Amino acid sequence: MHASLLGFCMESLVLGDDLLGQAMRLVRGIDVTEDSTSIEAMKAVWANDVAEYHGEFVDFEPMWCWPKPVQKYPPILVGGAFPHGARRAIDYGNGWMPIGGRDLDPLAIQPRYRQMVAEAGKNPDDYPMSVFGAAHKADLLKRYRDAGMDRTTLILPTVARDEALRQLDACA
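Values in this document were obtained by computation on a predicted structure and should not be read as measured data.

1. Here's the deal with the packing of helix α2 (residues 84-92) against helix α3 (residues 106-119)
So, point 1. For the pair α2 and α3, interaxial distance at closest approach is 10 Å and the crossing angle is 40°. When the axes of α2 and α3 are compared, the pair comes out oblique. The crossing of α2 and α3 is right-handed. In contact with Ala 86, Arg 87, Ala 89 and Ile 90 of α2, α3 contributes Tyr 113, Met 116 and Val 117.

Given below as structure tokens:
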């Protein structure tokens, strides 16, 4: 099964189009603005056979783009620090993915994030929290799982196949 996932954050990190949802590539040039018009423009392209968008930062005449996602648009994870990244996730995305270990304990902040989602009049179960760049510690990964984190991504160095598999197995 092939799945797509779009993620963005102020550092322009995009996750997506990988069979396991773990591939990472750095993409420059995505406008992340106060009104996040780039995200709204992408949604228009994904949701409409003929898409047209006229915003402050993104503007295009009627266009056609295929293939389309099976669903209306792929899940959009928004990265960034707390509380601003979390707020953008609630406003424009379908989940929040902060970077683990950046002066933020995802387990400690998760209740506050869920509270923010509820205060926005949305169901916290529909806006999952994930962790990007999780530490390679099996006990911590299990705590993330048990706390209901939707996913974690691991950053692995470029190594031979057997070593990469060994590192992944150590985290399983």
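2. Some details on the packing of aromatic side chains
So, point 1. In the structure shown here, the tally under the stated rule is 3 aromatic pairs.
So, point 2. Here Phe 82 and Trp 96 contribute two aromatic rings whose centre-to-centre distance is 5.8 Å and whose plane-to-plane angle is 45°, an arrangement assigned as tilted. Of this pair, Phe 82 sits in the loop between β6 (76-78) and α2 while Trp 96 sits in strand β7 (residues 95-96), and the two are 14 residues apart along the sequence.
So, point 3. Classification of Phe 82 by relative accessible area gives partly exposed; the value is 26%.
So, point 4. A residue is classified by how much of its surface remains accessible, and Trp 96, at 0% relative accessible area, is buried.
So, point 5. Judged by centre distance (5.2 Å) and plane angle (40°), the ring pair of Trp 96 and Tyr 113 falls under tilted. Residue Trp 96 is located in strand β7, and its partner Tyr 113 is located in helix α3; the two are separated by 17 residues in the primary sequence. Accessibility classification places Trp 96 together with Tyr 113 in one group, the buried group.
So, point 6. Stacked on the ring of Trp 66, the Lys or Arg Lys 68 has its end atom at 5.4 Å from the ring centre.

Reading the values: rules and limits
Residues numbered from 1 in each chain as written. Predicted model: local features only at pLDDT ≥ 70, side-chain atom pairs only at ≥ 80, totals over all residues. Heavy atoms only, no water. Axes fitted to C-alpha atoms, helices over the stretch in contact; angles between N-to-C directions. Helix = DSSP H or I, 4+ residues; strand = E, 2+ residues; numbered from the N terminus. Parallel < 35°, antiparallel > 145°, perpendicular 65-115°, else oblique. Left-handed = near helix turned anticlockwise from the far one by under 90°. Contact = heavy atoms within 4.5 Å. Phe/Tyr/Trp six-rings, centres within 6.5 Å; stacked < 30°, edge-to-face > 60°. Buried < 20%, exposed > 50% of the residue type's maximum accessible area, 1.4 Å probe, protein only. Lys NZ or Arg CZ within 6 Å of the ring centre and 35° of its normal.

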